[in-house]
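An overview of the molecular structure
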Amino acid sequence: MKIAFLADPLSGFKIYKDSTFAMMREAVRRGHRIYAFEQRHLVLEEGVVTAEATEITLTGDPDDWYSEGDTATVALSEFDAVIQRKDPPFDMEY
């Protein structure tokens, strides 16, 4: 399967506690390919939702935990699953 994750920037993940990372790791363990993109990469044009998605490879290194593969504009319908894992904004007003 091809699974895309709409998430916060990967560079900010704290993998020791991040449930999105746990989902990614399990997907890879099951043999699936994973991709990531941010909300700012989403586009709706002529009724088709696309995103600039990057294929991700997990490295096993806790400090440098992923490497980026190719980035391409892809219709979300080309993925078997799209998982939205965006954290809500947080500030004192929230």
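Residues numbered from 1 in each chain as written. Predicted model: local features only at pLDDT ≥ 70, side-chain atom pairs only at ≥ 80, totals over all residues. Heavy atoms only, no water.

1. Some words on the overall build of the protein
- Looking only at helices and strands, the protein has one helix and six strands in total.
- The linear arrangement of helices and strands in the protein, starting from the amino end, is β-α-β-β-β-β-β.
- Scaling as 2.2 N^0.38, a compact globule of 94 residues should have a C-alpha radius of gyration of about 12 Å, and the protein matches this with 14 Å.
- Pairs at least 24 residues apart make up 54% of the contacts formed inside the protein by residues separated by at least 6 positions.
- When the accessible surface of the protein is split by element, carbon and sulfur atoms take 48% of a total near 6,600 Å².
- Taking the average location of the 10 positive side-chain charges in the protein and that of its 18 negative ones, the two points are 8 Å from each other. (Helix = DSSP H or I, 4+ residues; strand = E, 2+ residues; numbered from the N terminus. Rg over C-alpha atoms; globule rule 2.2 N^0.38 Å. Contact = heavy atoms within 4.5 Å. Areas by Shrake-Rupley, 256 points an atom, 1.4 Å probe, with all protein chains shown as cover. Lys, Arg positive; Asp, Glu negative; His and termini not counted. Charge placed at Lys NZ, Arg CZ, Asp CG, Glu CD.)

2. Looking at the layout of surface pockets
- Of the pockets and cavities examined, the largest pocket occupies roughly 220 Å³.
- For the lining of the largest pocket, the elements supplying multiple residues, two or more each, are β2 (33-37), β4 (48-58) and β5 (66-75).
- Residue classes in the lining of the largest pocket are distributed as seven nonpolar, four polar and four charged.
- Every residue along the wall of the second largest pocket is listed here: Asp8, Pro9, Gly12, Phe13, Lys14, Lys17, Asp18, Ser19, Thr20, Arg85 and Asp87.
- Tallied by class, residues from the lining of the second largest pocket come to two nonpolar, three polar and six charged. (1 Å grid on protein atoms, 1.4 Å probe; cavity = no way out; pocket = protein on both sides within 12 Å on 5 of 7 lines; lining within 4 Å. Points joined across faces, edges and corners; volume = space filled by probe spheres on them. Nonpolar A, V, L, I, M, F, W, Y, C, P; charged D, E, K, R; others polar.)

3. Notes on the pattern of salt bridges
- Throughout the structure, instances matching the rule amount to four salt bridges.
- Glu26 is the partner of Arg29 in a salt bridge, and the nearest nitrogen-oxygen pair spans 2.6 Å. Of this pair, Arg29 and Glu26 both sit in helix α1 (residues 19-29), three residues apart, which is roughly one turn of that helix.
- Where Arg30 meets Glu26, a salt bridge forms, and the shortest distance between an N and an O atom there is 2.7 Å.
- Since its relative accessible area comes to 57%, Arg30 is described here as exposed.
- Within this structure, Glu26, Arg29 and Arg30 form a network of salt bridges that share partners. (Salt bridge = Lys/Arg side-chain N within 4 Å of Asp/Glu carboxyl O. Buried < 20%, exposed > 50% of the residue type's maximum accessible area, 1.4 Å probe, protein only.)

4. Some remarks on the side chain of Glu38
- Structurally, Glu38 is set in the loop between β2 and β3 (42-45).
- Within the local environment of Glu38, its side chain forms a polar contact with the side chain of Arg40, the two groups lying 3.1 Å apart.
- Residue contacts for Glu38: discarding those within four places in its chain leaves Leu6, Ala7, Asp8 and Pro9. (Polar contact = N/O pair within 3.5 Å; in protein donor to acceptor, adjacent residues only side chain to side chain.)

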